[in-house]
Amino acid sequence: MINQEITERQKRLEQFLQHLEAARQLEDDIRKYGLEAADLYFEDIDGDWLETWGDDDDEPGYIEKLTTFLESDDVVAVKVRERLQDKSLDEIIGGLEYCLSQLTEKDRIFAAKDFLVGDVMVSGSCRASGNNSVDEVELLELAEDLMDKLTEILG
């Protein structure tokens, strides 16, 4: 056990010393070559990389994926829009982000159910709206379907 700790420390020390040596070499090259030192460390420094920056980012982001889903004709998305018709798309996305941030699947589902009911989330505590006419089983199923869809869409 002690030998293993010493070996681990030695490895980290050796790695640190290698990084330190690389940094010293970079400083020396900058002093020696000036701005031309960039050519030693970067390929195609004079190319059109700055003009084409982001052109390969065709993959939609997190918010775009959520928006596309919520605007789609998917059965779950339609039910969510019907339940939350008084909320803006930004408010819905914010609520869903909160639901997805929960650590366990069970917590995510119950947070989604509370959000769909219209309960107000304040710093992790929940103040219920007092709407007792809501079918709990139906809401739990919708919340579970919603979390499954979002997990599938967002990866």
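Rules behind the numbers
- Residues numbered from 1 in each chain as written.
- Predicted model: local features only at pLDDT ≥ 70, side-chain atom pairs only at ≥ 80, totals over all residues.
- Heavy atoms only, no water.
- Core = buried A, V, L, I, M, F, W, Y, C linked by side-chain atoms within 4.5 Å.
- Buried < 20%, exposed > 50% of the residue type's maximum accessible area, 1.4 Å probe, protein only.
- Helix = DSSP H or I, 4+ residues; strand = E, 2+ residues; numbered from the N terminus.
- Contact = heavy atoms within 4.5 Å.
- Salt bridge = Lys/Arg side-chain N within 4 Å of Asp/Glu carboxyl O.

(A) Representation of the nonpolar core. In this structure, Val80, Leu96, Leu146 and Met147 are the most contacted members of the largest nonpolar core, which totals 23 residues. Put simply, the parts of the chain that give this core at least two residues each are helix H3 (62-71), helix H4 (75-83), helix H5 (89-100), helix H6 (105-117) and helix H7 (136-154). Leaving out residues up to four positions away in the same chain, Met147 has contacts with Leu96, Cys99, Leu100, Arg108, Ile109 and Ala112.

(B) Inspection of the pattern of salt bridges at higher detail. Applying the stated criterion across every chain, the model contains four salt bridges. Where Asp28 meets Arg31, a salt bridge forms, and the shortest distance between an N and an O atom there is 3.3 Å. Placement of both Asp28 and Arg31 in helix H1 (residues 2-33) is noted, with a separation of three residues, approximately one turn of the helix. Put simply, Glu136 and Lys113 hold a salt bridge, and the shortest N to O gap is 3.2 Å. Taken together, the residues Glu136 in helix H7 and Lys113 in helix H6 connect sequence positions 23 residues apart. The exposure class assigned to Glu136 is partly exposed, which follows from its relative accessible area of 41%.

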